[in-house]
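# Examination of the molecular architecture
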Amino acid sequence: VVRRITLASPCGGPRQAHWLDGNDWEMAYTTDLEPPMPPPAHSTFQRASIPRNWGWPNLNDIKPRPHGAYYRKTVELPGDLSGRSCKLIVEYAYDEATAYVNGKKVGNVRGDATPIVCDITKALVPGRNEIMIVVRDIIAIMNPAFVNKDNPVGNPAYLDAPGLHGKDGLGIGSVRIESAPVVSTEDVFVATSVREKSIAARITAASRGTAHVDVTICAEVLDGGHTVLRLGEKDLTLKPHQPVEFT
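The following refers to the structure shown. (Residues numbered from 1 in each chain as written. Predicted model: local features only at pLDDT ≥ 70, side-chain atom pairs only at ≥ 80, totals over all residues. Heavy atoms only, no water.)

### Some points on the overall build of the protein chain
- Summing up its helical and strand segments, the protein chain has 0 helices and 15 strands in all.
- For the C-alpha atoms alone, the extent of the protein chain along its principal axes is close to 60 × 45 × 45 Å.
- Once local pairs closer than 6 in sequence are excluded, the contacts in the protein chain between residues at least 24 apart make up 68%.
- Only carbon and sulfur atoms are counted for the fraction: they give 50% of the accessible area of the protein chain, which is about 14,000 Å². (Helix = DSSP H or I, 4+ residues; strand = E, 2+ residues; numbered from the N terminus. Contact = heavy atoms within 4.5 Å. Areas by Shrake-Rupley, 256 points an atom, 1.4 Å probe, with all protein chains shown as cover.)

### Examining the nonpolar core
- With 33 residues, the main nonpolar core has Tyr71, Ile120, Ile131, Ile133, Ile172 and Val175 as its most contacted residues.
- Apart from residues no more than four positions distant in its own chain, Ile133 is found in contact with Trp25, Ala69, Tyr70, Tyr71, Val90, Ala97, Thr98, Ala99, Ile172 and Val175.
- In terms of nonpolar packing, the next biggest core, distinct from the first, is built from 9 residues, Ile203, Ala205, Ile217 and Phe246 among them. (Core = buried A, V, L, I, M, F, W, Y, C linked by side-chain atoms within 4.5 Å. Buried < 20%, exposed > 50% of the residue type's maximum accessible area, 1.4 Å probe, protein only.)

### Here's the deal with the sheet that holds strand 12 (residues 198–207)
- One open sheet accounts for 3 strands, arranged 11-12-15; its pairing is antiparallel. Looking at strand neighbours, the two that pair on one side only are strand 11 (183–193) and strand 15 (244–246), the edges of this open sheet. Each strand axis lies, on average, 15° off the axis of its neighbour in the sheet, ignoring direction.
- Inspection of the sheet shows strand 12 paired to strand 15 by 3 bridges, in the antiparallel sense. Bridge pairing in strand 15 links Thr204 to Glu245. (Pairing = 2+ DSSP bridges. Axes fitted to C-alpha atoms, helices over the stretch in contact; angles between N-to-C directions.)

### Quick look at the packing of aromatic side chains
- For the coordinates displayed, the defined rule picks out 3 aromatic pairs.
- Measuring from ring centre to ring centre gives 6.4 Å for Phe45 and Tyr70, while their planes differ by 45°; the resulting arrangement is tilted. Taken together, the residues span a long stretch of sequence, with Phe45 in the loop between strand 2 (22–30) and strand 3 (46–50) and Tyr70 in strand 4 (residues 68–76) at a distance of 25 residues.
- Given a relative accessible area of 19%, Phe45 falls into the buried group.
- The interplanar angle of 15° and the centroid separation of 4.4 Å between the aromatic rings of Phe146 and Tyr158 together place this pair among those described as stacked. Linking Phe146 in the loop between strand 9 (128–136) and strand 10 (175–181) with Tyr158 in the loop between strand 9 and strand 10, this pair joins segments that are 12 residues apart in sequence.
- The exposure class assigned to Phe146 is partly exposed, which follows from its relative accessible area of 46%.
- Its end group placed over the ring of Phe45, Arg72 keeps NZ or CZ at 3.6 Å from the ring centre. (Phe/Tyr/Trp six-rings, centres within 6.5 Å; stacked < 30°, edge-to-face > 60°. Lys NZ or Arg CZ within 6 Å of the ring centre and 35° of its normal.)

### Describing the sheet that holds strand 5 (residues 84–90)
- Taken together, 4 strands build an open sheet; the order of strands is 1-10-5-8 and the sheet is antiparallel. The open sheet terminates on both sides in strands that have one partner only, identified here as strand 1 (16–19) and strand 8 (116–119). Across the sheet, the mean angle from the axis of one strand to that of its neighbour is 20°, orientation sign disregarded.
- Pairing geometry for strand 1 and strand 10, over 4 bridges, is antiparallel. Counterpart to His18 in the pairing with strand 10 is Ile177.

Dropping the structure here:
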């Protein structure tokens, strides 16, 4: 039974996905409740596979017990990404995670099994790039008033963000870089109503370049490659790195 297929080369046409999963990552545990960046020189990195399950190994079986982990990988990006926008996507993290590209913080998420989605266009450089994901356990999403920093113990009864499993492990899901044209729609939500006999689209458009761009966005319904319904169009001026949402 095939449970997972990891693509070694980009796929997707105008919107490409560069999958970073595999056993060529490095991981180092840390006992710090607030792991510093960059990782301390004494950090012990070992080879790791991504995705990594939250429950193995159990953190309570490791001495001294860690409360965080550094995951890192150096990737060689293809030259055809020049002039395109790029997102880093981590499918889930347990329980809090911060992403860095070439040492620059690009995103953060708090909450059990929550994905990270962040724009990394300005953080990337031609050639080799280092991806670093710093994961913290359930203590990172607890109300600080209930955390004893001298003897920290995770307790899901005192959370201020959704969580549960991070008390036992530090896991992250599949990691990929998605690239698209500099000017593109970054999110589309379609709402239909049989009762109202209506269909609407909520669209987020953005320019990840350096200049203002005037665009006309058309929303259409296609069937077999042919337009069967036009929802309308809208003229917009997109400012650099300032997404616009409209219906």
